[in-house]
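The lines below spell out each chain.
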Amino acid sequence: MKCYYCNKEAIEEAYGKAYCEEHFIKYFLGKVRSVIDKFNIRGKIAVALSGGKDSSACFHALNKFKFDLLPFHINLGIKYYSNKCQVEAEKLCNLLGYDLEVIYLEEYGIDLEKYEKPCSICGTAKRYLMNKFAYENNCKYVATGHNLSDVVTFAMNNVITGNILNFRGNKPFLEENLEYKLVAKVKPIYYLKDKECMLYAMINELPYAEEECPHAENAPTLRLKRWLHEMETEMPGMLLNMARSFWRIEEKIREEVNLNKCIKCGYASYGKICKFCKLRKKC
Ligand code: SF4
Ligand code: ZN
Ligand code: ZN
């Protein structure tokens, strides 16, 4: 198969067009650019690096656009996995000429290894610490490496588990609310699928941890993601349409949400005490 734009051999196909390596990179950066332009992203960005392929690809792409970037990593304290992730995030920063800031979850007294099902605790802690880091470092945004596959899987999981009212994170951009110390959130690789992020990372020889978190091994969301990708192969564009639908639903739901300030830490909360402070109290 030949590239749609030149005569070279194609390495990937997306939405009915085949791409050679050079034009695939252009396609990838164009998708990132479309998020940047649509939401007029300008100013300092705290970039969350998990050590995985998606956030590595996201950081590398943002660096191409010459943003003021502050990369950081949250070490989750999970066996061999967390250290490996930190090492890969450090390698990437060295390669691109940045220092990596590291936040250790254990410094907040939270040990994920104590929990049989740590994922929701991990999610709460990561969301809180990402926002806090960006806020305290005067960043206008926090950028995460959530891609199209992640967004749709997460939303579908909320539907399947009956959590439709807990329906957040479906949009590529979430506005700031500084009264509640909430920094704007952006997902620069929102329009790109798992496979495309992997390909971008491989072409650019980016360091990333290939290991999955040991707690992800039996997660139903992995099966769900595989199933969604199979469906996408049969119906190209399905993931994007689903993401847009979930995005619209979230906009409707968010109109009804009331925010408070946590009486312990002063950051945003839906109740009197935020989930993160409740978590620390239990530990
Ligand atoms: Fe955290 Fe691992 Fe669960 Fe992902 S799979 S949410 S990294 S504990
Ligand atoms: Zn080409
Ligand atoms: Zn709090």
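A quick note: this is a predicted structure, and the numbers were derived from the prediction, not measured.

1. Here we look at the packing of helix α5 (residues 148–160) against helix α7 (residues 220–234)
Interhelical geometry of α5 versus α7 gives an angle of 115° and a closest axis separation of 10 Å. For α5 against α7, the interelement crossing comes out right-handed. Contacts between α5 and α7 involve Ser149, Val152, Thr153, Met156 and Asn157 from the former and Thr221, Leu224, Lys225, Leu228 and His229 from the latter. In terms of residue class, the contact of α5 with α7 is made up of four nonpolar, five polar and one charged.

2. So, the site of ligand 1
Lining the immediate environment of ligand 1, one finds Leu76, Leu112, Pro118, Cys119, Cys122, Gly123, Cys213, His215 and Ala216. Residue composition of the shell around ligand 1, by class: seven nonpolar, two polar and no charged.

3. What about the sheet that holds strand β4 (residues 69–75)?
On the basis of which strands lie adjacent, the open sheet formed by six strands has the order β5-β4-β3-β6-β8-β7 and mixed pairing. Since the sheet does not close on itself, it has two edges, and those belong to β5 (101–104) and β7 (173–174), each with one partner. Where strand β3 (residues 45–48) lies against strand β6 (residues 141–143), three bridges are found, and the strand directions are parallel. From the neighbouring strand, Ile45 faces β6, where its bridge partner is Tyr141.

4. Examining the nonpolar core
Ranked by size, the top nonpolar core spans 51 residues in total, and within it Val47, Tyr141, Val142 and Ala143 carry the most contacts. By size, the runner-up hydrophobic cluster in this structure holds ten residues, among which are Leu105, Ile110, Ile121 and Phe276.

5. Observations regarding the pairing of β4
Across the seven residues that make up β4, a large majority, five, are buried. As paired elements, β3 and β4 share four bridges and run parallel to each other. Paired with Ala46 across the strands is Leu70, a residue of β4. Handedness of the β3-helix α2 (residues 53–64)-β4 crossover: right-handed. As paired elements, β4 and β5 share four bridges and run parallel to each other. By the bridge assignment, Asn75 is partnered in β5 with Tyr104. In this view, the connection linking β4 to its parallel neighbour β5 by way of helix α3 (residues 79–96) has right-handed handedness.

6. Brief notes about the environment of Glu251
Within the element layout of this structure, Glu251 appears in helix α8 (residues 238–254). For the pair formed by Glu251 and Phe276, sequence separation is 25 residues and the distance between their alpha carbons is 25 Å.

7. Structural notes on α5
Counted at 1.5 Å a residue, the expected span for α5 with its 13 residues is 18 Å, and the 18 Å between its end C-alpha atoms agrees. Here α5 has its buried residues at Leu148, Ser149, Asp150, Val151, Val152, Thr153 and Ala155. Backbone geometry just downstream of α5 places Gly162 in the positive-phi region, at approximately 75°.

8. Section: the packing of α2 against helix α6 (residues 194–203)
Running from amino to carboxyl end, α2 crosses α6 at an angle of 65°, the nearest separation of the two axes being 9 Å. Remark: the crossing between α2 and α6 carries left-handed chirality. On the side of α2, the interface is formed by Lys53, Asp54, Ser56 and Ala57, while α6 contributes Cys197, Met198, Tyr200 and Ala201. Residue composition of the contact of α2 with α6, grouped by class: five nonpolar, one polar and two charged.

9. Points about the environment of Val186
Here Val186 lies in strand β8 (residues 184–186). Distance in space between the C-alpha atoms of Val186 and Tyr141 is 6.7 Å, their sequence separation being 45 residues. When residues no more than four places from it in sequence are discounted, the contact partners of Val186 are Val35, Phe39, Ile41, Tyr141, Ala143, Pro172 and Phe173.

10. Re α2
Taking 1.5 Å of rise per residue, twelve residues should cover 16 Å, and α2 covers 17 Å from first to last C-alpha, within 8% of that figure. Among the twelve residues in α2, nine count as buried, and that is most of the element. All buried positions along α2 are accounted for by Lys53, Asp54, Ser55, Ser56, Ala57, Cys58, Phe59, Ala61 and Leu62. The secondary structure elements touched by the buried residues of α2 are α1 (21–38), β3, β4, α3, β6 and α6. Downstream of α2 by a residue or two, Lys66 has a phi angle that is positive, lying close to 60°.

Here is what the cut-offs are and how they apply
Residues numbered from 1 in each chain as written. Chains lettered and ligands numbered in written order. Predicted model: local features only at pLDDT ≥ 70, side-chain atom pairs only at ≥ 80, totals over all residues. Axes fitted to C-alpha atoms, helices over the stretch in contact; angles between N-to-C directions. Helix = DSSP H or I, 4+ residues; strand = E, 2+ residues; numbered from the N terminus. Left-handed = near helix turned anticlockwise from the far one by under 90°. Contact = placed C-beta atoms within 7 Å. Nonpolar A, V, L, I, M, F, W, Y, C, P; charged D, E, K, R; others polar. Near = placed C-beta within 6 Å. Pairing = 2+ DSSP bridges. Core = buried A, V, L, I, M, F, W, Y, C linked by C-beta atoms within 7 Å. Buried ≥ 20, exposed ≤ 12 C-beta atoms within 10 Å, placed from the backbone. Right-handed = clockwise from strand over helix to strand, strands pointing away. Expected span 1.5 Å × (residues − 1).

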